[in-house]
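Fold and geometry: a report
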Amino acid sequence: MGSRAKLALVEALMAEQEARPCAVLALRWLERHGGLKRGLCAVVDHESGRLTGLCGIGVSSAGVDAFSLDLADRAHPLVVALGGGEPVAFHDSGQSRRRAFETPLGNTAFHAIPLGNPKEELGLGLLLATGLDDGPVSDDVLWATEMLGVRLAALWYRRIQMDERRHKRERSWLFSIINAVTDPILLTDADGRILVANTGAERLLTAGEDKREGWRRAVALNNMLFSASLFTNTAERGPTRRELLLVDPSEGQDLLFEVLSAPVAIRLGENGVVSVLRNVTDLRRATEEIEENYRRLRVAEAATRAERDRLDLILNSVLDPILVTDPAGNIMRMNPPAERMFTFPSGKRNVEVERRVRTNDAVFTSFVSNLYAGQSRQWRRTLSLTDPQTGAIVPVEAISGKVVSKHGEETAAVTILHDLTEAEEKARLYEQVKRHSDELKERVREATAELAEQNELLRRQAFQLEQASAMKSQFLANVSHELRTPLNAIMGYTHLMLEGVSGEMTRPQNEKLTRIDANARHLLAVINDLLDITRIESGKMPVQIERVLLHELIDEVMTEVEPVIAGTRLQVTRVLSPDLPEIETDRQKVKQIVLNLLSNALKFTPEGSVDIRLEPDDQSGQISIAVSDTGIGIAEDNQKTIFEAFEQANSSYARRHGGTGLGLSICRRLAHLLDGRITLVSRLGEGSTFTLFLPSKPRNA
Amino acid sequence: MTPVEESAPLVLVVDDVDHGREIFAEYLEYRGFRVATAADGLEALEKAFELRPDVILMDLSLPGIDGWEATRRLKLDERTRAIPIIALTAHALASAHDKAREVGCNAVVTKPCLPKDLELEVRRQLEARATEGSGAQP
C-alpha cells in the first residue's frame with residue numbers, strides 16, 4: 001500500500017465537511033485498496049440511543065435506511081462488537097446455522113470494525129464489510145476505519161459545538177420572546193417545580209434575598225396558590241383554563257389571573273405543564289363596569305320608556321289638540337283630539353271629510369313653516385280650522401314652541417291648538433250673564449228700595465195697629481169702667497130700696513124695683529161677656545195651665561147650679577167614666593164653659609132631663625164632656641151661627657131667660673184657647689147635645 | 001135710721017163719686033157700722049191717720065193721690081198698716097186687681113157691687129183681723 005493512496009484519502013476526508021460523503025469516500029477507498037466487496041457504515045445516534053445506517057456500498061439505500069439497532073440491547077453481538085474496540089468476524093451463517101440477527105449484507109461472512117481510534121472514539125459507529133481476508137483485518141483497513149472514525153468524530157464535535165451555539169442563541173431568543181410577553185409564563189414539571197419562568201412569572205413567584213419581608217411572604221403565598229391550582233388540575237387532563245387569585249408582591253393588591261395550562265413533554269416519558277397567566281383583574285373590572293353600564297342603560301331606557309308612556313298619557317289626556325312636528329314640518333306625534341282634526345277617519349271614506357282634513361293640514365303646515373322661518377322659539381297665531389266631521393269653523397289659538405337640544409339644534413316643535421269656540425261662546429255668555437246680572441241688580445235694587453218703603457209702611461202700620469189695638473182695649477176697658485160706675489149706682493140704690501133702707505116699699509114698687517134689678521144684672525152680664533170676648537180676641541186672656549181632676553171640677557159646677565136645678569122639675573144625671581184621666585188645662589176656663597153649657601141646658605129645657613157625661617174619646621185621645629138635654633133644640637140653619645156673638649136661636653126665649661147671646665161664643669173661644677173644641681148635635685124640639693173636647697195637655701203648655 | 005153705737009166698727013168709705021159714697025155709707029150705717037167718708041186720696045189719708053178706722057173701702061180711681069198710692073202709703077205707715085183695706089173698683093181687668101193686691105189691699109171688690117155683698121166682705125175682713133189680734137165686732 002502506497003503512502004500516496006493514504007494521503008489522498010486523508011486529504012479527501014479533510015476536504016469533506018459532511019459525515020455521509022466522508023463515509024462513502026472511506027468505503028470506496030477500502031473497496032479499491034482493502035478488498036471490500038460490500039459495506040455498510042452505521043453510526044450511533046445518541047439522541048435516539050440507536051445504531052443507524054449512514055451509507056453503504058453494494059447495499060440498497062432502503063437497506064441502509066432500514067438498518068437500526070437499539071443500543072439498549074446489550075447482548076446483541078453488534079452492540080457487543082461496538083463496545084469491544086476490536087474488529088469482530090462473523091462467519092457465513094450458511095443454511096444450517098442462521099444468525100440471530102439480520103444485516104443488509106445478507107448471510108455472507110462479514111467483519112464488524114468499530115470506527116475511529118479504539119482508545120479514544122469508542123462506540124462511535126461500526127463498519128460492516130464483506131470481502132476482507134479471513135484472519136486478522138489488515139492494517140490498511142484498520143487505518144482507513146480509524147481515519148474515518150477520527151474524521152467523523154471531528155465533524156460531530158464541530159456539529160455539536162455549532163448546535164450548542166445555535167441552541168444558546170435560540171434559547172436566548174426564546175427567553176427574549178417569553179420575557180417580552182408581559183403575561184407570566186411558566187413551565188413546571190410533574191411535581192410542580194418551576195423549570196422555566198419568564199420575568200412576569202418571576203416577579204410573582206420568586207423573591208431574592210434583597211426583597212422585603214412582605215414581598216417574600218406574598219411570593220410564598222403565590223407559590224402555594226399556584227401549586228395548589230396545578231395539583232388540582234393535573235397535567236394529564238389536557239389543556240385547562242381556570243381562574244387564580246394571586247397577590248401583587250410589590251403593591252399587595254389582589255390580581256386575578258386566567259390560567260391556561262397545557263401539558264408538554266419535557267423529556268422522554270415525562271410530562272410537564274406550561275401555564276400562561278393572563279391578568280384579568282382589569283378585564284374583570286372592565287367587565288363589571290360594562291355590566292354596570294349596561295344595567296344603567298337598561299334602567300335609563302326603562303325610565304325613558306316610562307317617561308315617554310307618561311308623556312303619551314299626558315298628551316292623550318289633554319283635550320286640546322297637540323302636535324309634534326319635525327323641522328321639515330312633518331307631523332311626528334299627535335294626541336287623539338289632534339288626530340280628529342288632521343287625519344282621515346278610519347272606516348268608510350268620505351271625500352268631504354278628507355277635503356277638510358287636507359285644508360286643516362295646509363293651514364297648520366303654513367303655520368309651522370312660519371315658526372321655522374322665524375328666529376323666535378315661540379309662535380302664536382289664531383287659526384281657522386274646520387271640524388272634519390261637522391264642517392263647522394273652529395277658531396283656534398295655535399301656540400307653538402321649538403324644542404331645542406342641548407347643542408342648540410332644533411329637533412322638533414310642539415303645537416297646542418286651543419279651541420276658541422268655547423272661549424268666544426263663554427265671552428258671549430259672560431256678556432249676556434253680565435247684562436242680565438246688571439239688570440237683576442237694578443231690579444233687586446229697585447225691589448229692595450220698594451221693600452224698604454213697604455217695610456217702613458208696614459212698620460208704621462203695625463205700630464198704628466198696635467196702637468189701635470191698645471187703644472181699642474183701653475177704650476173697652478174704659479167703657480166697661482164707665483158703664484160699671486152708673487150701674488153700681490143703679491144696682492146700689494135699687495138694692496137699698498129693696499132692702500128697705502129707705503123705708504118700706506109698696507108691693508107694686510117692690511115689683512118694679514125687682515125688674516130694675518134684673519135688667520141691671522143683665523146689663524152687667526153683657527158688659528162682662530163683652531169684656532171676655534175682647535180679652536180673648538186681643539190675646540190678653542190669661543191662661544193658667546194646671547193639673548185638673550175633672551170629677552172634682554164637675555162637683556163644683558153642680559154645686560153652683562144646684563139652686564137652679566132645685567127650681568126646676570128636671571132630672572139631672574152625671575155620668576163619669578171610671579178611667580177618666582187627670583188632664584192639664586185652665587181649670588177656671590173649663591169650669592166657665594161647663595157652667596155655661598149646663599146653664600143653657602137648664603134654661604132651654606122646659607121639661608125632661610139633662611145629662612152630663614165625661615169620658616175619654618178613644619178616637620182623638622181627648623176627653624169629652626157632653627151636656628145633653630131634652631129641650632127645645634136648635635134648627636139646623638141656626639146650628640152654624642149659634643156660636644157667633646149675639647146669636648141665639650130664640651131671642652125672645654133667651655131674653656126671657658136672661659141670656660146675653662154671648663155665652664156660646666165665649667165658650668167656643670175659650671175651648672180654642674185650650675186647644676179644644678165644642679161640637680153640637682141637635683134637633684129642633686127634641687133637644688141638644690153640646691160636647692166639649694179637651695186635649696190631655698194644650699200644645700203650648 | 002138705726003142709732004149707731006159708739007163701739008161699732010168704723011168704716012172709712014173713700015170714693016170720688018158722691019152716689020158711690022152715699023150708697024155704701026148709707027147701707028153700712030143702716031147695718032150698724034160707723035161710717036166716715038173721703039172724696040179723694042189725700043182726704044182718705046188724713047181721715048185714716050186721724051180716725052184709725054177698722055176697715056177702709058178704697059175706690060182706686062181717685063183724683064190726685066189715687067187709691068193704689070193711698071193704699072201703699074197706708075200700708076207703709078206704722079199707724080195704719082194693720083187696717084184692712086178693701087179695694088173697690090169699676091176696673092174689671094185682672095191687671096187692676098193684681099196691682100191693688102201688690103200695693104197691699106186685703107181684698108178687691110168689683111163694681112157694681114150689691115151693698116149686702118160689700119157688707120159680707122167687710123165683716124169677713126173684720127173677722128180676719130179679730131182672729132189676728134184686737135178688733136171690735138158690731
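Being a predicted model, the structure only gives us computed values, none of them experimental.

**Re the overall build of chain B**
The helix and strand tally for chain B stands at five helices and five strands. The helix and strand sequence of chain B, counted from the amino end, reads β-α-β-α-β-α-β-α-β-α. Within the span of chain B, comprising 138 residues, buried residues form 43% of the whole. Once local pairs closer than 6 in sequence are excluded, the contacts in chain B between residues at least 24 apart make up 62%.

**Considering the overall build of chain A**
Looking only at helices and strands, one finds 17 helices and 23 strands in chain A. The 701 residues of chain A split such that 24% are buried.

**Overview of the pairing of strand E10 (residues 254-267) of chain A**
Residue and element names in this part refer to chain A. Pairing of strand E9 (residues 240-247) with E10 involves eight bridges; the strand directions are antiparallel. Bridge pairing in E10 links Glu 243 to Glu 258. Hairpin connection of E9 to E10: six residues between the antiparallel strands, including Gly 252 at a positive phi of 80 degrees. Linking two consecutive strands that pair antiparallel, namely E10 and strand E11 (residues 270-279), is a turn of two residues; a positive phi of about 75 degrees is found at Gly 269 within it.

**Observations concerning the nonpolar core**
What tends to happen in soluble globular proteins is that the nonpolar side chains get buried as a cluster. Among the nonpolar cores identified, the biggest contains 44 residues, and B:Val11, B:Leu12, B:Ile56, B:Leu57, B:Met58, B:Ile86 and B:Ala87 are the most heavily contacted of them. The contact partners of B:Ala87, leaving out residues within four places of it in the chain, are B:Met58, B:Leu60, B:Gly67, B:Ala100, B:Cys105, B:Val108 and B:Val109. Counting residues in hydrophobic clusters, the runner-up holds 40 residues, among them A:Leu51, A:Ala112, A:Leu126 and A:Val137.

**What to know about the sheet that holds strand E20 (residues 609-617) of chain A**
Residues and elements named next belong to chain A. Spatially, five strands are ordered E18-E20-E21-E23-E22 in an open sheet, and the strand pairing comes out mixed. The open sheet terminates on both sides in strands that have one partner only, identified here as strand E18 (571-576) and strand E22 (677-683). Pairs of neighbouring strands in the sheet enclose a mean axial angle of 15 degrees, with direction left out of account. As judged from the six bridges shared by strand E21 (residues 622-629) and strand E23 (residues 687-694), these two strands associate in the antiparallel manner. What sits directly across from Ser 628, in E23, is Thr 689.

**Let's talk about the sheet that holds strand E12 (residues 322-325) of chain A**
Residues and elements named next belong to chain A. The five strands lie next to each other as E13-E12-E16-E15-E14, forming an open sheet whose pairing is antiparallel. The open sheet has two edge strands with one neighbour each: strand E13 (331-334) and strand E14 (378-386). Averaged over all pairs of adjacent strands, the angle between their axes in this sheet comes to 25 degrees, without regard to strand direction. The sheet contact formed by strand E15 (residues 393-404) and strand E16 (residues 410-419) spans nine bridges and is antiparallel. For Ile 399, the partnering residue across the bridge sits in E16 and is Ile 416. Across the face of the sheet, helix H10 (residues 351-373) comes into contact with E12, E14, E15 and E16 while running at roughly 165 degrees to E14.

**As for the environment of A:Arg158**
All names here are of chain A. Tracing the chain through its elements places Arg 158 in helix H5 (residues 139-180). Arg 158 sits in the exposed class, given 11 other C-beta atoms within 10 Å. Between the C-alpha atoms of Arg 158 and Gln 17, which are 141 residues apart in sequence, the distance is 9.9 Å.

**Observations regarding the packing of helix H12 (residues 507-537) of chain A against helix H17 (residues 663-673) of chain A**
All names here are of chain A. One can describe the packing of H12 onto H17 by two numbers: an axis separation of 10 Å at closest approach and a directional angle of 30 degrees. It follows from the interaxial angle that H12 and H17 lie roughly parallel. Pair H12 / H17 crosses with left-handed handedness. In contact with Asp 529, Asp 532, Ile 533 and Ile 536 of H12, H17 contributes Gly 663, Ser 665, Ile 666, Arg 669 and Leu 673. Of the residues in the contact of H12 with H17, the class split is four nonpolar, two polar and three charged.

**Digging into the packing of helix H11 (residues 420-498) of chain A against H12(A)**
Residues and elements named next belong to chain A. For the pair H11 and H12, interaxial distance at closest approach is 10 Å and the crossing angle is 160 degrees. In this view, H11 runs roughly antiparallel relative to H12, as classed from their interaxial angle. Where H11 crosses over H12, the handedness of that crossing is left-handed. Only Asn 510, Leu 513, Ile 516, Asp 517, Ala 520, Leu 523, Leu 524, Ile 527, Leu 531 and Thr 534 of H12 make contact with H11, whose side of the interface consists of Ser 473, Leu 476, Ser 480, Leu 483, Arg 484, Leu 487, Ile 490, Met 491, Thr 494, Met 497 and Leu 498.

**Things to note about the interface of chain B and chain A**
Contact with chain B, which involves 18 residues of that partner, is made by 19 residues of chain A. Listed by contribution, the elements that provide at least two residues to the side of chain B that touches chain A are helix H1 (18-30) and helix H5 (115-132) of chain B. The element that contributes the greatest number of residues to the side of chain B that touches chain A is H1(B), accounting for six residues. Split into classes, the residues belonging to the side of chain B that touches chain A amount to 12 nonpolar, three polar and three charged.

**Topic: the pairing of strand E8 (residues 194-197) of chain A**
Residue and element names in this part refer to chain A. Across three bridges, strand E7 (residues 185-188) lies against E8 in antiparallel orientation. Bridge pairing in E8 places Leu 187 opposite Val 196. Count of turn residues in the E7/E8 antiparallel hairpin: five residues, of which Gly 192 carries a positive phi of about 90 degrees.

**Considerations on the environment of A:Ile583**
Residue and element names in this part refer to chain A. Within the fold, Ile 583 resides in strand E19 (residues 583-585). Sequence separation of Ile 583 and Pro 695 is 112 residues, and the distance between their C-alpha atoms is 7.6 Å. Excluding residues within four positions of it along the chain, Ile 583 makes contact with Val 548, Leu 550, Ile 623, Leu 694, Ser 696 and Lys 697.

**Side note on unusual backbone geometry**
Backbone phi values are negative for most residues with the exception of glycine, while trans is the configuration of most peptide bonds. Along the chain, B:Lys111 connects to B:Pro112 via a cis peptide bond; the corresponding omega equals 0 degrees. Tracing the backbone shows B:Pro112 in the loop between strand E5 (107-110) and H5. The phi dihedral of A:Asp675 is positive, around 65 degrees, even though this residue is not glycine. You can see A:Asp675 is positioned in the loop between H17 and E22.

**Focus: the confidence of the model for chain B**
All names here are of chain B. Summing up the model confidence of chain B, the mean pLDDT is 88 and the portion of residues at 70 or higher is 92%. Across residues 134-138 the pLDDT falls below 50, and counting only partners more than four positions away or on other chains, this stretch makes 13 contacts in the model. This complex was scored by the predictor with a pTM of 0.43 and an ipTM of 0.84.

**Considering helix H2 (residues 19-33) of chain A**
All names here are of chain A. For H2, built from 15 residues, the straight-helix expectation of 21 Å at 1.5 Å per residue is met to within 8% by its first-to-last C-alpha distance of 21 Å. Burial in H2 covers these residues: Cys 22, Ala 23, Leu 25, Ala 26, Leu 27, Trp 29 and Leu 30. Buried residues belonging to H2 abut helix H1 (3-15), strand E1 (39-45), strand E2 (50-57), strand E6 (125-129) and H5. Positive backbone phi, at 85 degrees, marks Gly 35, one or two positions downstream of H2.

The rules we used
Residues numbered from 1 in each chain as written. Chains lettered and ligands numbered in written order. Predicted model: local features only at pLDDT ≥ 70, side-chain atom pairs only at ≥ 80, totals over all residues. Helix = DSSP H or I, 4+ residues; strand = E, 2+ residues; numbered from the N terminus. Buried ≥ 20, exposed ≤ 12 C-beta atoms within 10 Å, placed from the backbone. Contact = placed C-beta atoms within 7 Å. Pairing = 2+ DSSP bridges. Core = buried A, V, L, I, M, F, W, Y, C linked by C-beta atoms within 7 Å. Axes fitted to C-alpha atoms, helices over the stretch in contact; angles between N-to-C directions. Parallel < 35°, antiparallel > 145°, perpendicular 65-115°, else oblique. Left-handed = near helix turned anticlockwise from the far one by under 90°. Nonpolar A, V, L, I, M, F, W, Y, C, P; charged D, E, K, R; others polar. pLDDT = per-residue confidence, 0-100. Expected span 1.5 Å × (residues − 1).

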